[in-house]
Amino acid sequence: MLSFLVAALCFSSQRTEAFSSPPTTTASPLSSTALNLFFGDYLPLGIPVLVAKDKWDNSRRTQLKEQILSLASETKRGLTKTDEQAEEMQGLFAQLEKLNPTVNPLTNKFSKVNGDWSLDYTTSDSILGKGGFPRIGPIVQNIDTTTLSAKNSEVVRYGIFDVPRSISVELSPVNGRRAISDF
């Protein structure tokens, strides 16, 4: 079974300008001319467009992350999601994946994937504890692309007892961007 897991998303502390639509691929002659007069031959004409697109991508990523975390909270990590909410969440994830600036995050040595993440949403019924004992507190997921492993740690309430537990799995890369894990 392929479990689609999503860890908490980090937000940039910088405020970025929001664009109502992606920037066009042509820069106004005035901005290119002004920048080239200042930087001379060191600045290609396409740079203003790239900077504007990057700002738009950052702004759009921030918006998507906020929507994802809001929906994750609303659905209690996915525990109470409706079919419509699950579909909406999958669409938000697909949009965010397209804006990922990291090429091949599983194999890129500069990837920021490695580390501990708060699992704020998942489609996995077993991780959510559906039909079993409730999970209390955060579910922490550790991802290590150097060893191709992941580990979920959680606290489960058995009656009056809170019991910490964890499970580790191997990540099976499908390509440089995706891996299969079966928790």
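Preceding this section is the structure that the text describes.
Residues numbered from 1 in each chain as written. Predicted model: local features only at pLDDT ≥ 70, side-chain atom pairs only at ≥ 80, totals over all residues. Heavy atoms only, no water.

Now for the overall build of the protein chain. Along the backbone of the protein chain there are 4 helices and 8 strands. Listing each helix as α and each strand as β along the protein chain from the N terminus yields β-α-α-α-β-β-α-β-β-β-β-β. Looking at the protein chain as a whole, 30% of its 183 residues qualify as buried. Sequence separation of 24 or more characterises 60% of the internal contacts of the protein chain that already satisfy a separation of 6 or more. Carbon and sulfur atoms make up 58% of the accessible area of the protein chain, which totals about 11900 Å². (Helix = DSSP H or I, 4+ residues; strand = E, 2+ residues; numbered from the N terminus. Buried < 20%, exposed > 50% of the residue type's maximum accessible area, 1.4 Å probe, protein only. Contact = heavy atoms within 4.5 Å. Areas by Shrake-Rupley, 256 points an atom, 1.4 Å probe, with all protein chains shown as cover.)

Moving on, we get to the nonpolar core. Ranked by size, the top nonpolar core spans 11 residues in total: Leu 64, Ile 68, Leu 71, Ala 72, Ala 86, Met 89, Leu 92, Phe 93, Leu 96, Leu 99 and Tyr 121. Of all the secondary structure elements, the ones that give two or more residues to this core are α2 (47-74) and α3 (83-98). Other than its neighbours up to four places away in sequence, Ala 72 contacts Arg 77, Gly 78, Met 89, Asp 120 and Tyr 121. Core analysis: the next-biggest nonpolar cluster, separate from the first, contains 5 residues, Trp 117, Ile 143, Val 169 and Leu 171 among them. (Core = buried A, V, L, I, M, F, W, Y, C linked by side-chain atoms within 4.5 Å.)

Moving on to the packing of aromatic side chains. This structure, assessed with the given rule, holds 2 aromatic pairs. Between Phe 93 and Tyr 121 the ring centres are 6.0 Å apart and the planes differ by 50°, which places this aromatic pair in the tilted class. Linking Phe 93 in helix α3 with Tyr 121 in strand β3 (residues 121-122), this pair joins segments that are 28 residues apart in sequence. (Phe/Tyr/Trp six-rings, centres within 6.5 Å; stacked < 30°, edge-to-face > 60°.)

This next bit is on unusual backbone geometry. We note that Asn 104 has phi near 50°; this positive angle belongs to a residue other than glycine. Checked against the element boundaries, Asn 104 lands in the loop between α3 and β2 (115-118). Residue Leu 148 is not a glycine yet carries a positive backbone phi of 50°. Examined against the element boundaries, Leu 148 turns out to sit in the loop between β4 (135-144) and β5 (149-158).

For the coordinates displayed, the defined rule picks out 5 salt bridges. In this structure, the salt-bridge partner of Glu 154 is Arg 135, at a minimum N-O distance of 3.4 Å. Placement of Glu 154 in strand β5 and of Arg 135 in strand β4 is noted, with a sequence separation of 19 residues between them. The salt bridge involving Arg 165 is made with Glu 154; its shortest N-O contact spans 2.8 Å. On the criterion of sequence distance, the pair formed by Arg 165 in strand β6 (residues 161-170) and Glu 154 in strand β5 is long-range, its members being 11 residues apart. (Salt bridge = Lys/Arg side-chain N within 4 Å of Asp/Glu carboxyl O.)

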